[in-house]
Amino acid sequence: MQHSIILRVQAEAQDRNVPLASILSRARIAARRLALPGVPAWLDKEVDGYEPDDELPAYRHVPGSHQFFNPVHGCWRPVIHEGGAPLLPLCQSVYDLEELLHNSPAGFLSCPARPVHLNSYGSTLTFPSQFRIENIDVLRALAQVRRLILDWTIALESAGVLGDGTAFTATERTEAYLVTQNFIAQNQSIGVAGNVSGGTNTIAPVQSTEGSIDIRRVREFLAEASGLVGNLPAAVRDDMRDAVAEAQAEAGKPAPDARKVGKALAVIKDLGMRAGGSVIATGIVEGVKALAP
């Protein structure tokens, strides 16, 4: 497995000499190849940056100091806030943050703030102001992203999701789907609590126990779905074909594992929802719902 993209991302996440932006880009490729329910929104945001109205992860709020420029002394002076130093949002992409740090030999970053008004001897004076953020606090935020990437790839490896290069089997995609859901649910600091969002819906895995699924009906449904796959959009066609084949392989056993069948049906359902609102895609989604409501 020396060419596994998962192991490569994991190794690079432990190497401080590898830029975090490169690690995230490779992790996003892995997520796409795994056909997860969309690319996890957290990876997208870290790579592309956050919008001003996005809910930021906790680690992207860093302490800062407020300063105003005193023209008399020609230097920046502190602005004292009653509630203490403010927490400042870091909305920039990881790439931009790394570049800013690389080009800040002074050891801090600064961003403009609203002018401050100071009362002095009965008159109000207005001064330009800025926020100052120490490099070490930005580095701590980036270190948290690196740690989360490392934890995610370790969880995938533990579930047997390694891949051959960037290619993954249907079984690996099924396992990665659940691993990623659980990982994000357990790490609410990344700003996404609960299930992974995919397309326009949030998909929860089908929880199945022995005897809770009618295997005969599953086999009939899969046989019908197999004949319809060719009519689905190209974006999901191959993944759906693999997922149906995986489910058929398990459901066709003399003693199928209902849990594995349930997980395969969850992937089929998600792919159907991502295929759009066509009659065939909708029929596949409703078929899964009828089997495992």
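Anything mentioned here points back to the structure above.
Residues numbered from 1 in each chain as written. Predicted model: local features only at pLDDT ≥ 70, side-chain atom pairs only at ≥ 80, totals over all residues. Heavy atoms only, no water.

Below, the discussion takes up the overall build of the protein chain. Counting secondary structure elements, the protein chain contains 10 helices and 8 strands. Looking at the protein chain residue by residue over its 293 residues, the buried ones come to 44%. Considering only intrachain contacts with a sequence separation of at least 6, the fraction spanning at least 24 residues in the protein chain is 66%. (Helix = DSSP H or I, 4+ residues; strand = E, 2+ residues; numbered from the N terminus. Buried < 20%, exposed > 50% of the residue type's maximum accessible area, 1.4 Å probe, protein only. Contact = heavy atoms within 4.5 Å.)

The next point concerns the packing of helix α6 (residues 170–186) against helix α8 (residues 234–251). In contact at an axis separation of 9 Å, α6 and α8 are set at 95° when each is read in the N-to-C sense. When the interaxial angle is binned, α6 and α8 end up roughly perpendicular. Facing A170, T171 and R173 of α6, the residues of α8 in contact are D239, D242, A243 and E246. The residue inventory of the contact of α6 with α8, partitioned by class, reads 2 nonpolar, 1 polar and 4 charged. (Axes fitted to C-alpha atoms, helices over the stretch in contact; angles between N-to-C directions. Parallel < 35°, antiparallel > 145°, perpendicular 65-115°, else oblique. Nonpolar A, V, L, I, M, F, W, Y, C, P; charged D, E, K, R; others polar.)

Another aspect to go through is helix α10 (residues 279–291). Compared with an ideal rise of 1.5 Å per residue, which puts 13 residues at 18 Å, α10 spans 18 Å between its outermost C-alpha atoms and is within 8% of the ideal. Taken together, the buried positions of α10 are A281, I284, V285, G287, V288 and L291. Viewed end-on, α10 has its buried residues packed into an arc of 155°, placing them on one side of the element. On its buried face, α10 sits against α7 (215–226), α8 and α9 (258–274). (Expected span 1.5 Å × (residues − 1). Arc of directions from axis to C-beta.)

Another point: the packing of helix α4 (residues 94–102) against helix α5 (residues 135–158). Running from amino to carboxyl end, α4 crosses α5 at an angle of 150°, the nearest separation of the two axes being 11 Å. The angle between α4 and α5 falls in the class roughly antiparallel. Pair α4 / α5 crosses with left-handed handedness. On α5, the residues touching V94, L97, E98 and L101 of α4 are N135, V138, L139 and L142. (Left-handed = near helix turned anticlockwise from the far one by under 90°.)

Purely spatial values, then, with no claim about function.
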